[in-house]
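Examination of the molecular architecture
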Amino acid sequence: MVAIINYNAGNIRSVLYALERIGVEHELTADPDKIRSAGKVIFPGVGHAASTMAHLNETGLADVIRSLTQPVFGVCVGMQLLCSHSEEGDVDCLGIFPERVRQFRPVNGEKVPHMGWNDVRVKDGNGWLSEEVDGGYCYYVHSYFVEAGPDMVATTNYCGTDFAAMMRRDNFYAAQFHPEKSAAVGDRIIRDFLAV
């Protein structure tokens, strides 16, 4: 069973549809016991970092997420909230990854948010992604990015900056883009996560 953490994130429905599309049993829940007992957990996200962290702290879900020992997959803001700090609202986040979240600063007239299809360049020895993910195009929508760091397993570039497209530390996996909206490459990434 895959638990999708329910905290009113904007992309929850598209995550549910993606799991239904590939035939994966799942449950949308905010129940700490159900989240802790699930085989895998998806932490989706579309929203503002500071207000979302406030909600996670108020409901106790922040401590639940930090305590998880099974594979956890953070998506978009879910990935950013797994980091140590975000410039979006100047907020301390969950601290799973030591990296920090920065705001894009256009250098050549780029539009922010970074919105649309961009590549994913997978690092050698990442340990969980299929070969066909490397060089694939995925769908991004974000104004903030996770700085390059030791947990980065895939990169992309925008505003002249290489940033973390995907990350991994211990049982925590994450993607800045939306795999649930990224066609065949996104489905492959979801399947790769479910196979760990």
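Whatever comes next refers back to the structure up there.
Report on the accompanying structure. (Residues numbered from 1 in each chain as written. Predicted model: local features only at pLDDT ≥ 70, side-chain atom pairs only at ≥ 80, totals over all residues. Heavy atoms only, no water.)

1. Focus: the overall build of the protein chain
Secondary structure summary: the protein chain contains six helices and 14 strands in total. Relative to the globule expectation of 16 Å for 196 residues, the C-alpha radius of gyration of the protein chain, 15 Å, shows essentially globular dimensions. Seen through its C-alpha atoms, the protein chain measures out along the principal axes to roughly 50 × 35 × 30 Å. Taking all 196 residues of the protein chain together, 56% fall into the buried category. When the accessible surface of the protein chain is split by element, carbon and sulfur atoms take 46% of a total near 8300 Å². When the 17 positive and 25 negative side-chain charges of the protein chain are each reduced to one mean point, those points stand 1 Å apart. (Helix = DSSP H or I, 4+ residues; strand = E, 2+ residues; numbered from the N terminus. Rg over C-alpha atoms; globule rule 2.2 N^0.38 Å. Buried < 20%, exposed > 50% of the residue type's maximum accessible area, 1.4 Å probe, protein only. Areas by Shrake-Rupley, 256 points an atom, 1.4 Å probe, with all protein chains shown as cover. Lys, Arg positive; Asp, Glu negative; His and termini not counted. Charge placed at Lys NZ, Arg CZ, Asp CG, Glu CD.)

2. Regarding the sheet that holds strand β4 (residues 72–75)
Pairing is mixed in the open sheet, where eight strands are placed in the order β2-β1-β3-β4-β14-β13-β12-β9. The open sheet terminates on both sides in strands that have one partner only, identified here as β2 (26–29) and β9 (121–122). Note: strand β1 (residues 2–5) against strand β3 (residues 40–43), three bridges, orientation parallel. Note on β3: the bridge partner recorded for isoleucine 4 is isoleucine 42. (Pairing = 2+ DSSP bridges.)

3. Digging into the nonpolar core
For soluble globular proteins, the rule of thumb is that nonpolar side chains tend to be buried together. Phe43 and Met166 are the most contacted members of the largest nonpolar core, which has 72 residues in total. Dropping the residues within four chain positions of it, methionine 166 is found in contact with Val120, Trp128, Leu129, Asp151, Met152, Val153, Ala154, Ala174, Ala175, Phe177 and Ile189. (Core = buried A, V, L, I, M, F, W, Y, C linked by side-chain atoms within 4.5 Å. Contact = heavy atoms within 4.5 Å.)

4. Focus: the environment of arginine 168
Within the secondary structure, arginine 168 is located in strand β13 (residues 161–169). In sequence terms arginine 168 and glycine 127 are 41 residues apart; their C-alpha atoms lie 9.6 Å from each other. At a separation of 3.3 Å, a polar atom in the side chain of arginine 168 contacts the main-chain carbonyl oxygen of aspartate 170. (Polar contact = N/O pair within 3.5 Å; in protein donor to acceptor, adjacent residues only side chain to side chain.)

5. Here's the deal with the packing of aromatic side chains
Using the criterion set out here, one finds twelve aromatic pairs in the structure. Between phenylalanine 73 and phenylalanine 193, the ring centres sit 5.0 Å apart and the planes meet at 25°, which makes this aromatic pair stacked. A residue pair is termed long-range when its members are at least 10 positions apart, and phenylalanine 73 in strand β4 and phenylalanine 193 in helix α6 (residues 183–195) qualify at 120 residues. Note on phenylalanine 73: relative accessible area 2%, which makes it buried. By relative accessible area, phenylalanine 193 is classed as buried at 0%. Ring centres of phenylalanine 104 and phenylalanine 163 lie 5.5 Å apart, and the angle between their planes is 75°; this geometry places the pair in the edge-to-face category. Within this pair, whereas phenylalanine 104 is found in the loop between β7 (100–103) and β8 (114–119), its partner phenylalanine 163 is found in strand β13, the two being separated by 59 residues in sequence. (Phe/Tyr/Trp six-rings, centres within 6.5 Å; stacked < 30°, edge-to-face > 60°.)

6. Here's the deal with the sheet that holds strand β6 (residues 91–92)
Consider a sheet: its strands pair through backbone hydrogen bonds, and that pairing is either parallel or antiparallel. With respect to topology, four strands assemble into an open sheet ordered β6-β5-β7-β11, the strand pairing being mixed. Each edge of the open sheet carries a strand with a single partner, namely β6 and β11 (144–146). Bridge count between strand β5 (residues 85–86) and β6: two bridges; the pairing is antiparallel. Bridged to serine 86 within β6 is valine 91.

7. Looking at α6
The end-to-end C-alpha separation of α6 is 19 Å, in line with the 18 Å expected for 13 residues at 1.5 Å each. As for α6, its buried residues are in contact with α1 (12–21), β3, β4, β10 (137–142), β13 and β14 (172–175). (Expected span 1.5 Å × (residues − 1).)

8. Considering unusual backbone geometry
The linkage connecting valine 112 with the following residue, proline 113, adopts the cis geometry, with an omega of 15°. By the element assignment, proline 113 lies in the loop between β7 and β8. The residue cysteine 76 is not glycine, and still its phi comes out positive at about 55°. Here cysteine 76 is to be found in the loop between β4 and α5 (77–81). Note on cysteine 76: relative accessible area 3%, which makes it buried. One non-glycine residue with positive phi stands out, namely aspartate 90, at about 50°. Mapped onto the secondary structure, aspartate 90 falls in the loop between β5 and β6.

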